[in-house]
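Overview (structure and organization)
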Amino acid sequence: MILTGAQIASERRDGRLVIEPFDPARVEPNSYGFTLGDRVLTYEEQTLDPNRAPNVVEELIGEDGYLFLPGRIYLASTVERMGSDNYAATLHARLSTALLGVWIQYSAPLGHSGAVIPWTLEIKVAHPVRLFSGMLIGKLAFWSMYGAALSYRGKYTGSTDVVASKIWTERAPEATR
């Protein structure tokens with residue numbers, strides 16, 4: 001079952017889920033509205049190889065925003081550190097963001113229990129769009145789990161900001177040479 005906004009606020013107050021920083025005004029009927037962080041990563045290579053760590057370019061989103069262009073993937077993060085040991089979470093775009101032709105998480109929206117991090121967003125746009133650090137960009141919903149909870153302990157555990165793909169760490173050591 002999905003948590004209502006009131007239950008999200010209550011569970012946060014009781015320490016059963018984390019949203020930091022927290023703004024009660026961003027509690028929605030069944031989710032919490034989160035904001036865009038201040039960094040963007042892009043990949044340098046035209047062709048990415050899952051056997052090797054990608055080279056990334058990091059840019060700050062200035063006060064004039066950042067122009068996102070079609071035809072490439074951008075990685076950014078949420079300002080908020082969010083998650084729970086007690087609930088799974090799903091990340092979604094806000095309708096207002098989606099209506100601009102902005103996809104913020106189109107392939108990996110599930111947050112496992114135990115993952116309490118600033119979320120890395122996978123941003124693609126349909127046409128040029130200027131986005132700003134601190135703007136409301138999406139919403140996080142929390143779900144109760146059925147069965148024994150297993151806590152996430154994967155390669156993104158402990159993330160503190162936007163991260164590039166770490167798929168190359170899954171490969172055999174000889175493949176990464």
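So, here's what we can say about the structure. (Residues numbered from 1 in each chain as written. Predicted model: local features only at pLDDT ≥ 70, side-chain atom pairs only at ≥ 80, totals over all residues. Heavy atoms only, no water.)

1. Remarks on the pattern of salt bridges
Per the stated rule, a full pass over the model turns up seven salt bridges. A salt bridge links R16 to E11; the shortest N-O distance between them is 2.7 Å. Ionic pairing is found between R12 and E20, a salt bridge with its closest N-O pair at 2.7 Å. In the salt-bridge network here, residues are joined through shared partners; they are D23, R26 and E80. (Salt bridge = Lys/Arg side-chain N within 4 Å of Asp/Glu carboxyl O.)

2. Structural notes on the packing of aromatic side chains
For the structure on display, the rule yields four aromatic pairs. Ring geometry for Y66 against F68: centres 4.9 Å apart, planes inclined by 65°, an arrangement best described as edge-to-face. Comparing Y66 with F68, the two get one shared label, buried. With 5.9 Å between their ring centres and 80° between their planes, Y66 and Y74 make a pair best called edge-to-face. Each member of the pair, Y66 together with Y74, is buried. An aromatic cluster is defined as three or more aromatic residues linked by ring pairs; in this entry it consists of Y66, F68 and Y74. (Phe/Tyr/Trp six-rings, centres within 6.5 Å; stacked < 30°, edge-to-face > 60°. Buried < 20%, exposed > 50% of the residue type's maximum accessible area, 1.4 Å probe, protein only.)

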